[in-house]
Amino acid sequence: MKLKHPCKKILATAALALAAGQALADINIGVVFSLTGPAASLGLETRKSIELMPKTLGKEKINYIVLDDATDPTNAVKNARKLSGEDNVDVLFGPNLITSGLAMADVANEKKVPLLSQAPIVPTPDKLKWAFRVEPLADVMVGRVVADMKEKGVKTVAFIGFSDSWGELLLKGLTKTTEAAGIKIVATERFGRTDNSVTAQALKIVASRPDAVFVGGSGTPAVMPHTTLRERGFAGPIYHSHAVANKEFLRVGGKAIEGARLAVAPVVVAEQLPDGHPNKQAGLAFDKALEAKYGAEARSSFAGASWDGWMILEGALTTALKTAKPGTPEFREAVRNALEKTKVVGANGSYSMSAEDHGGYDPKSAVLIEVAGGKWKLVK
């Protein structure tokens, strides 16, 4: 009878070892979004796609560990450290803000965990190795609306944007692209994401008599400058960044934002795209799946970017699984290497990454839209 006890112990040890091996085989993806705070309208959109992402890849189970940074870069860093340290994730996914993305890129490089940012970050060369992005750079989208300004005969433009890194990035994009187009910036004003009024800034802009105005904001906070300018008598065209392309912007703005123009990822108006547009089919498929789960008009470029992030990751993870096991440094290195060879035609755009370009968004993917009848309408 005593001989059974060592056998039981051996069997128990083997079972534990097997269980440990199975746990090690799980693919863990650490997700950091702004689910509360001023950028929540963006974070909640990007999270929608997580619910659509598969729970397995081949024979491997995928775990998505979702944390909220509350629109605070400090929290984003804390979350990234927890995910890469305690949770031993294979990939960091998110966040929504550039400041948070750049801060997380530091952690990604320190811990040697690939980061696929939903914010259009441009890390310094020493931090580029482990940091990738899904969103197109500001120059791409701002350049698209500046091209429209030029076509409409705009000679002068005023800027009102966030007093943070996103506002600064958009202003730099506007400055660069308007100079090339021969358009002069005649006023530059700032506002905070949580400000309750921009009356003073709007009055200064109106006094500068611009042909057009570019609002450098994102989500619902970008509604206030638009409506205030209209209230103060500005009747010219008002352009926005692609970061307002969600239904909350339409809901909060209502009739006051009719005619607002912006460049955006094609997924927002997938069914309106010409048949020859390379992203139409992927966009239609994603919109169908998204709206089946969340209802009509649930689409947004933020949800689309998150889904394209999965499409990019799927290829990289599949490649990495051929040579390494999830949960190991070798697997994370293999994922990083595979990301640099990404070629994906997604719902939000087409991507072609390389060792030098960790974004690879094709500028031809972007389309111009406007608000018409409370909905997004393709212009061209």
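Since this is a predicted model, take the numbers as computed values, not measurements.

## Notes on the packing of helix H2 (residues 40–50) against helix H11 (residues 301–321)
- As a packed pair, H2 and H11 sit with axes 7 Å apart at the nearest point and diverge in direction by 40 degrees. When the axes of H2 and H11 are compared, the pair comes out oblique. Crossing hand, H2 versus H11: right-handed. On H11, the residues that touch Leu 42, Glu 45, Thr 46, Ser 49 and Ile 50 of H2 are Phe 302, Ala 303, Ser 306 and Trp 307.
- Taken together, the residues that form the contact of H2 with H11 break down as five nonpolar, three polar and one charged.

## Section: the side chain of His 226
- Within the secondary structure layout, His 226 lies in helix H8 (residues 223–231).
- Excluding residues that lie within four positions of it along the chain, His 226 makes contacts with Ile 238, His 240, Ala 256, Ile 257 and Ala 260.

## Examining the packing of aromatic side chains
- All told, the structure shown has six aromatic pairs when counted by the stated rule.
- Considering the side-chain rings of Phe 33 and Phe 93, the 6.3 Å spacing of their centres and the 70 degrees angle between planes classify their relative orientation as edge-to-face. In this pair, Phe 33 is assigned in strand E1 (residues 27–33) and Phe 93 in strand E4 (residues 91–93), connecting sequence segments 60 residues apart.
- Relative accessible area serves as the criterion here: at 1%, Phe 93 is assigned to the buried category.
- An angle of 15 degrees between the planes, with centres 6.3 Å apart, marks the rings of Phe 159 and Phe 214 as stacked. Of this pair, Phe 159 sits in strand E7 (residues 156–162) while Phe 214 sits in strand E9 (residues 212–216), placing them 55 residues apart in sequence. No difference in accessibility class separates Phe 159 from Phe 214, as the two residues are buried.
- Above the ring of Tyr 294, the side-chain terminus of Lys 293 is found at 5.8 Å from the ring centroid.

## Points about the sheet that holds E1
- In spatial order, the strands read E2-E3-E1-E4-E5-E6; together these six strands make up an open sheet with mixed pairing. Either end of the sheet is taken by a strand with one partner, and the two such strands are strand E2 (56–57) and strand E6 (131–133).
- Here strand E5 (residues 115–117) runs beside E6; their pairing, made up of three bridges, is parallel. Within E6, the position partnered with Leu 116 by the bridge is Phe 132.

## Describing helix H3 (residues 73–85)
- Spanning 13 residues, H3 covers 18 Å between terminal C-alpha atoms, matching the ideal 18 Å at 1.5 Å per step.
- Taken as a whole, H3 has its buried residues at Ala 76, Asn 79, Ala 80, Leu 83 and Ser 84. All buried residues of H3 project into a common sector of 120 degrees when viewed along the axis, lining one side.
- Contact partners of the buried residues in H3: E1, strand E3 (60–68), E4 and helix H4 (98–111).

## Details of the sheet that holds strand E14 (residues 367–372)
- One open sheet holds the seven strands; their spatial order is E8-E7-E9-E10-E11-E14-E15, and the pairing between them is mixed. Only two strands of the sheet have a single neighbouring strand rather than two, namely strand E8 (184–191) and strand E15 (375–378). Here the average twist between neighbouring strands, direction ignored, is 30 degrees.
- Alignment of strand E11 (residues 261–264) against E14, held across four bridges, turns out to be antiparallel. Following the sheet pairing, Val 264 is matched in E14 by Val 367.
- Across the sheet, helix H5 (residues 138–151) touches E7, E9, strand E10 (238–240), E11 and E14, and the angle it forms with E11 is around 140 degrees.
- Packing of helix H7 (residues 199–208) onto the sheet brings it into contact with E7, E8 and E9, and relative to E8 it is tilted by some 175 degrees.

## Examining unusual backbone geometry
- In this chain, Gly 94 is followed by Pro 95 through a cis amide linkage whose omega measures 0 degrees.
- In this fold, Pro 95 is placed in the loop between E4 and H4.
- In this model, Ala 70 sits at a positive phi of 55 degrees, which is unusual for a non-glycine residue.
- The class of Ala 70 is partly exposed, set by a relative accessible area of 31%.
- Positioned with a positive phi, Lys 112 is a non-glycine residue whose angle comes to about 60 degrees.
- Locating Lys 112 in the fold gives a position in the loop between H4 and E5.

Procedures and definitions
- Residues numbered from 1 in each chain as written.
- Predicted model: local features only at pLDDT ≥ 70, side-chain atom pairs only at ≥ 80, totals over all residues.
- Heavy atoms only, no water.
- Axes fitted to C-alpha atoms, helices over the stretch in contact; angles between N-to-C directions.
- Helix = DSSP H or I, 4+ residues; strand = E, 2+ residues; numbered from the N terminus.
- Parallel < 35°, antiparallel > 145°, perpendicular 65-115°, else oblique.
- Left-handed = near helix turned anticlockwise from the far one by under 90°.
- Contact = heavy atoms within 4.5 Å.
- Nonpolar A, V, L, I, M, F, W, Y, C, P; charged D, E, K, R; others polar.
- Phe/Tyr/Trp six-rings, centres within 6.5 Å; stacked < 30°, edge-to-face > 60°.
- Buried < 20%, exposed > 50% of the residue type's maximum accessible area, 1.4 Å probe, protein only.
- Lys NZ or Arg CZ within 6 Å of the ring centre and 35° of its normal.
- Pairing = 2+ DSSP bridges.
- Expected span 1.5 Å × (residues − 1).
- Arc of directions from axis to C-beta.

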